[in-house]
Amino acid sequence: MASLPAKHLAVFGLNGQRIEVDFCQIDPATTLLDYLRYHTRYKGAKLGCGEGGCGACVVLLSKYNIKTKEIDEFSISSCLTLLGSLDGCSITTSEGLGNCRDGYHSIHQRIAGFHASQCGYCTPGMCMSIFAALRRAETKEKSDLKDGFSNLSVLEAEEAIAGNVCRCTGYRPIADACKSFAGDVDLEDLGLNSFWKKNEAANPNKLPSYNPTAVCTFPDFLKREFAARGCSAPNCNSQNGVVLREPTLNFAYKEDINGEERFWTRPSSLEEIWTNLKLKRAGSEDLEHKLVVGNTSAGIYKGMKPQVFIDISNIPELQVINRLDSSIEVGAAVTIAKLIEALEDRKTIDTGISDQGKVSYNKQIVLKGIADHLKKVASGFIRNTASIGGNLVMAQKMSFDSDVATILLGVGASVKIISAKRIESILTMEEFLDKPLDSESLLLSVCIPYWNGASYSVKEDKNNGITGVYGKLLFKTYRAACRPLGNAVSYVNAAFLAQISLNKPGGNRIIESVRLAFGAFGVSHAIRVNNVEEFLVGKVITYAILLEAVRMLKASVVPVEGTPKSAYRQSVAVGFLFDFLFPLVKDFVIPSVTFHPNRMDEISGSVNLNGSLEVSNGQSSIDPKAMKSCCKPKYLTSGRQMMEFYNDYHPVGQPSSKVGAELQASGESVYVNDIPSPENCLYGAFVYSEKALALVNKVDVRHTIKSSGVVAYISASDIPEEGRNVGVDTIFGAEVLFAEDIVESVGQPIGLMVANTWHNARKAADKVKVDYNCELLGPPILSVEDAVAKESYFQVPGWWSPTPVGDLAKGMSEAHCRIESAEVRMGSQYYFYLETQTALAIPDEDHCMDVYSSCQNPSILQKVIAKCLGVPLHNIRIITRRVGGGFGGKAFRCMPVAVACAVAAYKLRRPVRMYLDRKTDMIMAGGRHPIKANYSVGFKNDGKITALHVDLFIDAGFSVDLSPALPQNIITAMKKYNWGVLSFEYKVCKTNLPSKSFMRGPGDVQGSFIAEAIIEHVASILGLDANTVREKNIHTFESAEFFYGSCVDSPLAYTLPSIWEKLKRSASLDDRRETIRRLNTSNRWLKRGLSLVPCFFQVMLSPKPARVIIFSDGSITVEVGGIELGQGLWTKVKQMTAYALGQLWNDVCEDFMSKIRIVQQDTISLAHGGFTAGSTTSEGSCEAVRNACNILVERLLPVKTLLEKTKPSGVSWEDLILQAVIQSVDLSAQTYWVPDSNPKYLNYGAAASEVEVDLLTGATTILQTDIIYDCGRSLNPAVDVGQIEGAFVQGIGFFMNEEVVIDKNGRVVSDGTWTYKVPTIDTIPQKLNVELLSSPLHQKRVLSSKASGEPPLLLAASVHCAIREAIKAAREDFQIEDKYFRMDCPATMDVIKSLCGLDNVERYLQSLTATSKSPS
């Protein structure tokens, strides 16, 4: 390296400020996110996953082109972007757009106004994705835009947030906020917002103004520095618009106290790359090198720990985009996003056009096909930095399931390789993938052919002018993935290219040549199926030929042993080939017209202008109404929100924007991990068990304790003598903090490694060696079946046991039919809060401790920490301001993190903080309880059920937690139907899996699903429509009272029957069923289903404290026991405070609302806050606040009366409070509200969902969902609608997408965003309509309101049941005889495809071959 001038300073802009980083003082592996969070005041970019899979850390990157003076801007994932690669760039975070001091950006204001932020943890990243899309839209050719709108389209608006994950909102309001900027938006299509009132015309002038020049993203000082540095010849290549300036950082070296060396290099030529690759340790040992462009591979291969980072983004040869006559050459360092731009650029399309000025048809379909597919690879902020070369090398060396490799293989691309001796060679894609590059070779570029030569060959009959033969190129790519818009690795991908000749007089379509590439199906890299290609060449495609090709393919595409869902992947591969070739079949005319939404080219027919499909033999076309969803974009969302607003308790009942929404959007809201670290703060990382059941012989930390920055190892022996080894404590029992002699689950904490940084702590924890003895205790219990065999159970106390209803024998004797011992199963569900478990413990004087915890249950956490340390409760102070998503996971599973921090801080007498990385969190968290249910049911011929018996087997994991409460919840939820008699047995199974805990709707969602599965089963046996059976068994008021007792208020309050009938009418269910029937009859490969499902949900109010303080200037603070999780607690409390104190006046204005501040929960300030869960915390807290305010009103009323005598013109609030202070009136009131003797009540709702299932892949599109929900007189309709939509979408995840996979050793393998997929904007209903029922007054409720947080989650079962209806139609088509089929949860793509028939293509072709008259 001596020949290189060492430049170790990185200079970049951050929100307009100049940042200079000395890379000899910082680890070269430092990411931008680490730097932002540990070295700056900006905390808007959040750590959600560390994998580039959630979007919480998205920021804007701006680069300056010194030649053109243009700025290139795009979103990036800051958790993957290495700090060294930012030299000369500028970064903008959400705080840089606007803030509370300088004013919020219109994005922040619209997010707040469209009610698009709940917990707020994901919101800054959402804002930056939107902002990046707006900035990119400004570079497009301008169309006529109205003032205040951007050049963004509504489609681009939705695509902008396709890679961002939100666990709270359900996405619809976020999409509305984003679409409000679009130039082509119809504002009337947008949902509920605070800019115009209900029934008021949408007014663009009321939207916060958008000014595209308001934010300077690339400051002038950086431009001046660019000009001063100049553009040296070796580093410039302006031929293709690539201008690389002289860097200030090209080499850095850092060595830690253990002698571990790290290098950062940025070569400016190919020769310098080879020099850098020869870097060795001082002792001439080889170093691990990594070539870096965007570092996106770090999100997948987190175990890689290179010592040398070589940033190759400054090499001109690797950045080329050469548009040649017959191909386009793209440098290996070109990003996927830049390749898409190049493929869509007119310069590329127009290159090499014919003499007649015509662009080749072949070229267009090739370029467009590749570009369209690449837009579904990863997410936008990953494509912006991920390089083409990096993707291909991962596919080659690491067996990465690359779509890029498959596409390029299919299209016949080649690669250029260069050796250290500057010898270039050209390899086909097959050759490149088959033989990994050696250390002396480098991928230089990729060459993509246009296929211009495969054009027309024309023969003409001179007598009648008939064209005889012509050729046509077909190119099509495919991917099967759980997210249509990307951000998910494919189960299977494919790319097909064929040259077809057509002899019109004979009608023969002949395949002249074909390329068939498949990847991601369980193979080391993408392959071509050469035997199938050879078989097809020269053939006229007939049913028999196609069937043989399919059979050959199935024998060729064989996943390696151990590949998940292997049979499914094979079947999908067959489906792709069928979809490509079937339109080429000779004499393709069948009675049922087949239409597939993804088909690029329907050779047998064409779509005319009115949308119907014309068939070549003149048969009638499909009804355009039935084809409607096939013709519109699959990812454009819409919805209606219908409700009544009430002014009885103004401002309660108004759709006020969420308190702090703008603060959350700007990134200024402070979460636990945003709190600045105190002086001398240490960081902890768990050492956890790698075994499911074992004796711990020894924990060896001798070498680890000497690692860089390590301070101590904390274990059970470090717990004070006065304390107890307890990490979780519930009413049912305790769980140890640190395992001692025995570990009972993978992920169970053994100890805590404490170091000076989080990375050092995590690195040290990973190095700890634990010696296990797995033989002595026998094999672990990994299923409920194992638990039953070994009689491993947790006991359910008698006082928590559910009560059966009726006499089972009598009920069964009344039945005409029976189902005996049927089974249904439900898997687990991970919480996927965006903020993982985190805590900060700060020791104080006299054995006291302040603990900041992201917790739903501070008062219980206070008790557990005090018990563990052996100190009084008053020594422990728990502070929780807000939580970045909880869903039950921050109730008890947060406790081990906070308690471990407290133990370490207590011992070391220094602050200690922790946050779990996403993988650790997913391994340890547990989540929702998996359940197996066996049932026997008796019923009459008309569908009326007379008796039901259920055996429940609940997987509780290794510790008790709250699991004994599950049977009660499950049985209560199952009572939603009138079973006549309900009998049950249950086992709460202790297994050697991570402890399960309560998750949103715990037990209720499983019980409701079991009930629906039984209804569906009965309907199948009787041959009745499932909704008919539901209606037969829906409760009357009398039967509901019989099953639920006093929870049913009154006949007037029992609104479910009216909800059911209203939804049937408003959603036009009868008409839609007929439309679906006709569509299903006309379409073999797409089937629709529609289902209507009711909801019963029992909630229980619990005591809640509140304190209201009025200060001398009239400002007000309110403290409640509940925690703001995103559910709108603070918003409702603020409204209630304004209403209750507003009783002193006739009218409460918005200005009065601004005087109120809700403050964080503090267990020393306000004790006995209780458990924020069960959907009733908001109403309980509001009632407690109202009581406190009533006390204050009672004190202030005499003062006001006296003042009014002296001030007849009126008394202001400030005057009143000043006078009260003068009179020494106590302006602080605290209450503890306790509900009456019957704290339980029922919530009702119903949902109808319509889905469309693709039988070739098992993919499901939710076309429409209509929900009617009774939440009484809503305290805030905007908040409640957000809760309904968010809960419903989370339910979609449970019923459809979210699959927790555990291997044979008991380890959770779905441990990150790559393997666990929650719903995203492209998987929610395309149309989501929500109506809040205008229900009568509920006198026993808080201002007639009812809960909304959990019950709507159960309504997502309507999607699962609708899928069943679609599968029924498919099974009828394919003559699958079984009337009943079991479909467990989640109904993932492979499950759906399996139920439709993994061999449905073969069966279909066999039937056609048997009846076809066409020659074979």
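Residues numbered from 1 in each chain as written. Predicted model: local features only at pLDDT ≥ 70, side-chain atom pairs only at ≥ 80, totals over all residues. Heavy atoms only, no water.

Engineer: So, a nonpolar patch on the surface: which residues are in play, and what are the values?
Structural biologist: Taken together, the side chains of Ile-742, Leu-776 and Leu-777 define a hydrophobic patch exposed on the protein surface, amounting to about 270 Å² of accessible area. Mapped onto the fold, Ile-742 is located in strand β29 (residues 742-743). Accessibility expressed as a relative area gives 39% for Ile-742, which makes it partly exposed. (Patch = residues over 30% accessible without salt bridge, like charges linked within 9 Å, V, L, I, M, F, W, Y side chains within 5 Å. Areas by Shrake-Rupley, 256 points an atom, 1.4 Å probe, with all protein chains shown as cover. Salt bridge = Lys/Arg side-chain N within 4 Å of Asp/Glu carboxyl O. Helix = DSSP H or I, 4+ residues; strand = E, 2+ residues; numbered from the N terminus. Buried < 20%, exposed > 50% of the residue type's maximum accessible area, 1.4 Å probe, protein only.)

Engineer: Can you tell me about the packing of aromatic side chains, naming the residues and giving the values?
Structural biologist: Across all of its chains, the model carries 44 aromatic pairs by this definition. Between Tyr-649 and Tyr-1139, the ring centres sit 5.5 Å apart and the planes meet at 80°, which makes this aromatic pair edge-to-face. In this pair, Tyr-649 sits in the loop between β23 (641-642) and α20 (661-665) while Tyr-1139 sits in helix α33 (residues 1129-1141), placing the two residues 490 residues apart along the sequence. The exposure class assigned to Tyr-649 is partly exposed, which follows from its relative accessible area of 25%. An angle of 10° between the planes, with centres 4.9 Å apart, marks the rings of Trp-758 and Tyr-915 as stacked. Of the two residues, Trp-758 sits in helix α21 (residues 758-767) while Tyr-915 sits in strand β37 (residues 912-915), which places them 157 residues apart along the sequence. Members of the aromatic cluster, connected to one another through ring pairs, are Tyr-543, Phe-578, Phe-582, Trp-1085, Phe-1374 and Tyr-1404. One Lys or Arg, Arg-928, reaches over the ring of Phe-1294 and ends 5.3 Å from the middle of that ring. Taking NZ or CZ as reference, Lys-1200 lies 5.7 Å from the ring centre of Trp-1145, over its face. (Phe/Tyr/Trp six-rings, centres within 6.5 Å; stacked < 30°, edge-to-face > 60°. Lys NZ or Arg CZ within 6 Å of the ring centre and 35° of its normal.)

Engineer: With reference to specific residues and values, describe the sheet that holds strand β42 (residues 1104-1110).
Structural biologist: In sheet architecture, strand pairing relies on hydrogen bonds along the backbone and comes in two forms, parallel and antiparallel. The strand order β44-β43-β42-β46 describes an open sheet built from 4 strands, whose pairing is mixed. At either margin of the open sheet sits one strand with a lone partner, and together these are β44 (1156-1158) and β46 (1228-1233). Looking at each pair of strands side by side, their axes are set apart by 15° on average, direction ignored. Two elements, strand β43 (residues 1116-1120) and β44, share 3 bridges in a ladder whose sense is parallel. Opposite Ile-1116, over in β44, you have Ile-1156 as the bridge partner. (Pairing = 2+ DSSP bridges. Axes fitted to C-alpha atoms, helices over the stretch in contact; angles between N-to-C directions.)

Engineer: Mind laying out unusual backbone geometry, listing which residues take part and the relevant values?
Structural biologist: Of note, the amide linkage connecting His-650 to Pro-651 takes the cis form, showing an omega dihedral of 5°. Locating Pro-651 in the fold gives a position in the loop between β23 and α20. With omega at 0°, the peptide bond leading from Cys-1385 into Pro-1386 counts as cis. Among the secondary structure elements, Pro-1386 is positioned in the loop between α39 (1357-1373) and α40 (1389-1396). One non-glycine residue, Asn-487, lies in positive phi territory at about 60°. The exposure class of Asn-487 is buried, given its relative accessible area of 9%. Not every positive phi belongs to a glycine, and Glu-791 is a case in point at roughly 50°.

Engineer: Outline the side chain of Thr-1265, listing residues and values.
Structural biologist: Note on placement: Thr-1265 falls in strand β48 (residues 1260-1270). On the basis of relative accessible area, Thr-1265 is assigned to the buried category, the value being 0%. Only 2.9 Å separates the side chain of Thr-1265 from the side chain of Ser-1249, close enough to count as a polar contact. Once you skip the residues sitting within four places of it in the chain, Thr-1265 turns out to touch Ala-1248, Ser-1249, Phe-1288, Pro-1325, Lys-1327, Leu-1328 and Asn-1329. (Polar contact = N/O pair within 3.5 Å; in protein donor to acceptor, adjacent residues only side chain to side chain. Contact = heavy atoms within 4.5 Å.)

Engineer: Describe the pattern of salt bridges, naming the residues involved and giving the relevant values.
Structural biologist: Counted under the stated rule, the structure contains 80 salt bridges. Between Arg-18 and Glu-225 there is a salt bridge, with its nearest N and O atoms 2.6 Å apart. With a gap of 207 residues between them, Arg-18 in strand β2 (residues 17-22) and Glu-225 in helix α7 (residues 220-229) connect regions that are remote in the sequence. For Asp-220, the salt bridge is made with Lys-223, and the minimal N-O distance between the two is 4.0 Å. Pair noted here: Asp-220 and Lys-223 are both in helix α7, with a separation of 3 residues, about one helical turn. In this structure, a network of salt bridges that share partners links the residues Lys-976, Glu-1012, Glu-1016, Arg-1030, Arg-1364, Glu-1365 and Lys-1368.

Engineer: Please give an account of the environment of Ser-441 that cites residues and values.
Structural biologist: For Ser-441, the position within the fold is in strand β16 (residues 441-449). Spatially, the C-alpha atoms of Ser-441 and Ser-419 are 4.3 Å apart, while their sequence positions differ by 22 residues. Ignoring sequence-local partners within four residues, the contact set of Ser-441 consists of Trp-274, Ile-417, Ile-418 and Ser-419. Polar contacts involving the side chain of Ser-441 include one to the side chain of Asp-438, which spans 2.9 Å.

Engineer: Give me the pairing of strand β9 (residues 261-265): which residues, what numbers.
Structural biologist: Of all 5 residues that make up β9, 5 are buried, and the element is covered over most of its length. On β9, burial covers both faces: Glu-261, Phe-263 and Thr-265 on one face and Arg-262 and Trp-264 on the other are all buried. Two strands pair when backbone bridges link them, and β9 and strand β11 (residues 308-311) are joined in this way by 3 bridges, in the parallel orientation. Looking at β11, one finds that Thr-265 is bridged to Ile-310.

Engineer: Would you mind going over the state of the cysteines in detail, with residue names and values included?
Structural biologist: What the rule picks out here adds up to 0 disulfides. The thiol of Cys-79 is not disulfide-bonded; the next cysteine sulfur, from Cys-57, is found 3.7 Å away. Take Cys-79: its relative accessible area is 10%, and that puts it in the buried class. Cys-681 carries a free sulfur, and the closest cysteine sulfur to it, the one in Cys-901, is 8.6 Å from it. Taking relative accessible area as the criterion, Cys-681 reaches 9% and is therefore assigned buried. (Disulfide = S-S within 2.5 Å.)

Engineer: Go over the packing of helix α18 (residues 566-581) against helix α41 (residues 1400-1411) with me, naming the residues and quoting the values.
Structural biologist: α41 packs onto α18 with a crossing angle of 45° between their chain directions and a minimal axis gap of 9 Å. When the interaxial angle is binned, α18 and α41 end up oblique. Contacts between α18 and α41 pair Val-574, Gly-575 and Phe-578 from the former with Val-1401, Glu-1402, Tyr-1404 and Leu-1405 from the latter. Along the lines of polarity and charge, the residues of the contact of α18 with α41 split into 5 nonpolar, 1 polar and 1 charged. (Parallel < 35°, antiparallel > 145°, perpendicular 65-115°, else oblique. Nonpolar A, V, L, I, M, F, W, Y, C, P; charged D, E, K, R; others polar.)

Engineer: Quick rundown of helix α14 (residues 403-411)? Include the residues and the values.
Structural biologist: Residues spaced three or four apart along an α-helix point in a common direction, a consequence of the helix completing one turn every 3.6 residues. With 9 of its 9 residues buried, α14 lies for the most part within the structure. Among all positions of α14, only Asp-403, Val-404, Ala-405, Thr-406, Ile-407, Leu-408, Leu-409, Gly-410 and Val-411 are buried. Sitting at the head of α14, Ser-402 places a side-chain oxygen 3.1 Å from the backbone nitrogen of Val-404. Of the residues flanking the end of α14, it is Gly-412, one or two places downstream, whose phi is positive at about 85°.

Engineer: Explain the sheet that holds strand β12 (residues 321-323) residue by residue, including any values.
Structural biologist: What the 5 strands build is an open sheet, ordered β12-β13-β16-β14-β15; its pairing is antiparallel. Taken across any chain shown, the strands that pair with only one partner, and hence form the sheet edges, are β12 and β15 (424-428). Strand-to-strand twist of the sheet, defined as the mean angle between neighbouring strand axes without regard to direction, takes the value 20°. Where strand β14 (residues 414-419) meets β16, 6 bridges bridge the pair, whose relative direction is antiparallel. When the bridges of β16 are listed, Ile-418 appears paired with Leu-442. Strands β14 and β16 of the sheet are contacted by helix α8 (residues 270-277), whose axis makes an angle of about 140° with β16.

Engineer: If you had to explain the packing of helix α28 (residues 1004-1022) against α39 to someone new, which residues and values would you point to?
Structural biologist: The contact between α28 and α39 brings their axes to 10 Å, and the two run at 25°. Looking at the two axes, α28 sits roughly parallel to α39. Read as a crossing pair, α28 and α39 show a hand that is right-handed. Contacts between α28 and α39 involve Phe-1009, Glu-1012, Glu-1016 and Ser-1020 on the former and, on the latter, Ala-1357, His-1360, Cys-1361, Arg-1364, Glu-1365 and Lys-1368. Grouping the constituent residues of the contact of α28 with α39 by class yields 3 nonpolar, 2 polar and 5 charged. (Left-handed = near helix turned anticlockwise from the far one by under 90°.)

Engineer: Provide a residue-level description of the environment of Glu-141, including the pertinent values.
Structural biologist: Looking at where Glu-141 falls in the secondary structure, it is placed in the loop between α4 (123-137) and α5 (154-160). The exposure class of Glu-141 is exposed, given its relative accessible area of 75%. On a C-alpha basis, the gap between Glu-141 and Asn-151 in space is 8.3 Å, while along the polypeptide they are 10 residues apart.

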